[in-house]
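In case you want the letters, here they are:
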Amino acid sequence: RNFDNEKNLGGIMATATQTLQYFPTIVHVTDPHGDAIRLKSAHDYADYILADLVVNTGDNPFFAMTDGVNFVKDIVFAHNTDFANCIGNHDQYTSTLAEVFALNISPFATEYGYHKSTSSDVTDKCYYYKDLSEQKIRLIALDIYDGLRYQSYKARVSQEQINWFISTLASTPADYGVIIIMHQA
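Residues numbered from 1 in each chain as written. Predicted model: local features only at pLDDT ≥ 70, side-chain atom pairs only at ≥ 80, totals over all residues. Heavy atoms only, no water.

**A word on the environment of I180**
Short version of the rule: Only DSSP runs of H or I covering at least 4 residues are called helices, and only runs of E covering at least 2 are called strands; the numbering of each starts at the N terminus. Note on contacts: a residue pair qualifies if any of its non-hydrogen atoms lie within 4.5 Å across the two residues.
Here I180 lies in strand β8 (residues 177–181). Along the sequence, I180 and A141 sit 39 residues apart, while their C-alpha atoms lie 5.9 Å from each other. If we ignore the near neighbours within four places in the chain, the residues touching I180 are I140, L142 and F165.

Listed below in structure tokens is the structure:
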């Protein structure tokens, strides 16, 4: 079964295509850079088409965390669609790791089922996975700026995150597919 649905929301044209029963319908937004209207439009559209998930791949503030990102929480929690967030270079530029986690991952972790390693040393890391059980999909969010605070245009993944990633893949149920999300600078 294939169908396309288009709607113009907030000046953006979005198209969603759903194919087969177990493929999730995902609305992707990235680099809002303080544009609450663009972010809200993506969430409005996701609710309209009954999407399974909105994925935001980061860069929420206009320039750096000092701009504030509370608008993201306000928009996400005002909508019905499941949500996954990962950080971009502007999300971490002027903040400590604990602040980045507290502002970008922690507010959504419990509400939207983000899973982290059981190891205590990754409790404030900005990578996680979430399972879309109905669609048999494991979504893995990576932090490509892991440990690079204040160096916004470099990218790296620590050995600790690589080890976590390997373990997370190994623990993925055999009948699940995998989607990996990360910010692309």
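Structure shown, so let's carry the discussion forward.
**Focus: the packing of aromatic side chains**
What characterises a pair of aromatic rings is the spacing of the ring centres plus the angle enclosed by the ring planes. Heads up, the condition is: We call Phe, Tyr and Trp rings a pair once their centres come within 6.5 Å, taking the six-membered ring for Trp, and we label the pair stacked below 30 degrees between planes, edge-to-face above 60, and tilted otherwise. Exposed residues in this analysis have more than 50% of their type's maximum accessible area, buried residues have under 20%, and partly exposed residues fall in between, with area computed by a 1.4 Å probe over protein chains only.
All told, the structure shown has 6 aromatic pairs when counted by the stated rule. Between Y127 and W164, the ring centres sit 4.9 Å apart and the planes meet at 55 degrees, which makes this aromatic pair tilted. Of this pair, Y127 sits in the loop between α5 (106–109) and β6 (128–132) while W164 is found in helix α6 (residues 159–170), placing the two residues 37 residues apart along the sequence. With a relative accessible area of 1%, Y127 lands in the buried category.

**Here's the deal with the pattern of salt bridges**
Proximity of charged atoms lets side chains of opposite charge pair with each other. Basically, it comes down to this: The salt bridge definition used is simple: a Lys or Arg side-chain nitrogen within 4 Å of an Asp or Glu carboxyl oxygen.
According to the stated counting rule, one finds 6 salt bridges in the structure shown. Linking D44 and K40 is a salt bridge whose minimum nitrogen-to-oxygen distance equals 2.7 Å. Residue D44 and its partner K40 are both found in helix α1 (residues 36–49); the two are separated by 4 residues, about one turn of the helix. In this structure, R138 and D131 form a salt bridge, with 2.7 Å as the shortest nitrogen-oxygen distance. Relative accessible area serves as the criterion here: at 4%, R138 is assigned to the buried category.

**Quick notes on the sheet that holds strand β5 (residues 83–85)**
To be explicit about the condition: Any two strands with at least two DSSP bridges between them are considered paired. Simply put, an axis is a line fit to the C-alpha atoms, just over the touching stretch for a helix, and the angle between two N-to-C directions goes from 0 to 180 degrees.
Strand order in the open sheet formed by 3 strands is β3-β4-β5, with parallel pairing between adjacent strands. Whereas interior strands pair on both sides, the edge strands pair on one side only; in this sheet they are β3 (26–29) and β5. Strand-to-strand, the axes of this sheet are offset by a mean angle of 15 degrees, without reference to chain direction.

Such coordinate-based values are descriptive only and should not be taken to indicate function.
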